[in-house]
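# Observations on the model geometry
So you can see what is in the structure, the chains are spelled out below.
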Amino acid sequence: MPTFRTGDVCLYYDQFGARADPAVVLVHGLTCQAIHWPRRLIDRLTGAGYRVVVFDNRDAGRSSHLDHQDVGSIEEVMRSARTLEPPYGLKDLAADTVALMNHLGQSGAHLMGFSMGGMVAQRVALDFPGRVFSLTSIGSSTSDPDLPGGDRAAFDAFVSTPPDDRAGAIAHLTEGWRVLGGPHYDSARVGLGRLSAEAWDRGYTARRAARLLLAILRAAPRGESLRAVDVPALVIHGGVDPLVPLAAGERTAEVLPNGRLEVYDQLGHDLPEPLLDDIGDTIVAHLDSIPLRR
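Residues numbered from 1 in each chain as written. Predicted model: local features only at pLDDT ≥ 70, side-chain atom pairs only at ≥ 80, totals over all residues. Heavy atoms only, no water.

Enumeration according to the criterion identifies 24 salt bridges in this entry. Ionic pairing is found between Arg 40 and Asp 277, a salt bridge with its closest N-O pair at 2.9 Å. Taken together, the residues span a long stretch of sequence, with Arg 40 in helix α1 (residues 39-47) and Asp 277 in helix α11 (residues 273-288) at a distance of 237 residues. Assessed through its relative accessible area of 41%, Arg 40 is described here as partly exposed. Of the residues examined, Asp 277 reaches a relative accessible area of 40% and is grouped as partly exposed. Put simply, Asp 144, Asp 146, Glu 224, Arg 227, Arg 251 and Glu 254 are held in one network by salt bridges that share partners. (Salt bridge = Lys/Arg side-chain N within 4 Å of Asp/Glu carboxyl O. Helix = DSSP H or I, 4+ residues; strand = E, 2+ residues; numbered from the N terminus. Buried < 20%, exposed > 50% of the residue type's maximum accessible area, 1.4 Å probe, protein only.)

Per the stated rule, a full pass over the model turns up 3 aromatic pairs. With 4.8 Å between their ring centres and 65° between their planes, Phe 158 and Trp 177 make a pair best called edge-to-face. Taken together, the residues span a long stretch of sequence, with Phe 158 in helix α5 (residues 152-158) and Trp 177 in helix α6 (residues 166-181) at a distance of 19 residues. Residue classification places Trp 177 among the buried positions, given a relative accessible area of 3%. Residues Trp 200 and Tyr 204 carry aromatic rings whose centres are separated by 5.9 Å and whose planes lie at 45° to one another, so their mutual orientation is tilted. Here Trp 200 matches Tyr 204 in class, with each residue buried. (Phe/Tyr/Trp six-rings, centres within 6.5 Å; stacked < 30°, edge-to-face > 60°.)

Closest axis-to-axis distance for the α1/α11 pair is 9 Å, and the angle between their directions is 30°. Here α1 lies roughly parallel to α11, going by the angle between them. Every pair of crossing elements has a handedness; the one defined by α1 and α11 is right-handed. Contacts between α1 and α11 involve Arg 40, Leu 41, Arg 44 and Leu 45 on the former and, on the latter, Glu 273, Leu 276, Asp 277, Gly 280, Asp 281, Ile 283, Val 284 and Leu 287. (Axes fitted to C-alpha atoms, helices over the stretch in contact; angles between N-to-C directions. Parallel < 35°, antiparallel > 145°, perpendicular 65-115°, else oblique. Left-handed = near helix turned anticlockwise from the far one by under 90°. Contact = heavy atoms within 4.5 Å.)

Take the sheet that holds strand β5 (residues 109-114) next. The strand order across the open sheet formed by 8 strands is β1-β2-β4-β3-β5-β6-β7-β8, and the pairing between neighbours is mixed. Edge strands, defined here as strands with exactly one partner in the open sheet, are β1 (3-6) and β8 (259-264). Averaged over all pairs of adjacent strands, the angle between their axes in this sheet comes to 25°, without regard to strand direction. Pairing of β5 with strand β6 (residues 132-138) involves 6 bridges; the strand directions are parallel. When the bridges of β6 are listed, His 110 appears paired with Ser 134. Contacting β2 (9-16), β3 (23-27), β4 (51-55) and β5, α1 crosses the sheet at an angle of about 145° to β4. Helix α4 (residues 116-127) rests against β3, β5 and β6 of the sheet, and its axis sits at about 145° to β5. (Pairing = 2+ DSSP bridges.)

Okay, the nonpolar core next. Formed by 94 residues in total, the largest nonpolar core has its most connected members in Trp 37 and Ile 283. Sorting elements by how many residues they give to this core places helix α9 (residues 206-217) first, with 8 residues. Once residues lying within four places of it in the same chain are set aside, the contact partners of Trp 37 are Leu 26, Val 27, His 28, Ile 42, Val 54, Met 112, Gly 113, Phe 114 and Leu 271. (Core = buried A, V, L, I, M, F, W, Y, C linked by side-chain atoms within 4.5 Å.)

Turning our attention to α11. In this model, α11 (16 residues) spans 23 Å end to end at C-alpha, consistent with the 22 Å of a helix rising 1.5 Å per residue. Taken as a whole, α11 has its buried residues at Glu 273, Leu 275, Leu 276, Ile 279, Gly 280, Thr 282, Ile 283, Val 284, His 286 and Leu 287. (Expected span 1.5 Å × (residues − 1).)

The complete set of buried residues in helix α10 (residues 246-255) reads Ala 248, Gly 249, Arg 251, Thr 252, Ala 253 and Val 255. For α10, the elements touching its buried residues are α4, β6, β7 (233-238) and β8.

Moving on, we come to the side chain of Arg 123. Position of Arg 123 relative to the elements: it lies in helix α4. Assessed through its relative accessible area of 14%, Arg 123 is described here as buried. For Arg 123, the residues in contact, after removing those within four places along its chain, are Leu 90, Lys 91, Ala 94 and Arg 222.

This brings us to unusual backbone geometry. Phi is mostly negative for residues that are not glycine, and the peptide bonds are mostly trans. Backbone geometry places Ser 115, a non-glycine residue, at a positive phi of 60°. With respect to the element layout, Ser 115 can be found in the loop between β5 and α4. Residue Ser 115 is classed as buried on the basis of its relative accessible area of 10%. Positive phi, normally seen in glycine, also occurs at Ser 143, with a value near 65°.

Now the structure itself:
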């Protein structure tokens, strides 16, 4: 199992494609793990001549679980985020990402993030500008306070504590993804909801997700600062995203000087198989338009 240590955190990672090809580092979202990057999308990137690096964030999957830094349940974090002291923030998750690049000997990479991972990728571009060749932000946000919030039903279904038993927890996570996936694609059949059992068995717990959630809720707004991020940027967003409304993707593309928005009208907050070929082609075209750097 490939892992490395950065400070007190041990991170799990995996790689696909030829080591000599330009690297694309994928950063995932809340409750997600490396396995939540669909192999169909990875294969599209490697087939186009890119090396894909995936990893589990701290407090996710097979990376370090920082249970000594307990902040309470997901519901307690939702109620009291303003008064809780986060054990870490998006800046720390960004530093983890760069530490992985250092471990792999990468002076820089193309960064792609989904949801929270898009926020982390933005943070890397702000804090380590020389390390980012391009940015792809999927279903993410700038954390600006004037942006509309997601549907309450989406938060209640997904950002909530599952039952303690395995079967109940898997059913809870799967149904949460169904809600996030929106009306057009059943996430339990063709989206990230299919992976709920594997994700639970690899190391998901709600109290670990609560710490990552607190990092999101306490993140500083990035809208104005992102105007200084001068890298090619692709923003992909779903027209029916119930958790992170389309306005968040529109803001992200607006503030990035080289930002381009691609809206998928039938996409929710998910990565469904029927859209992956189109999404993969869009990402590859974005990467191929950038002068080669390694």
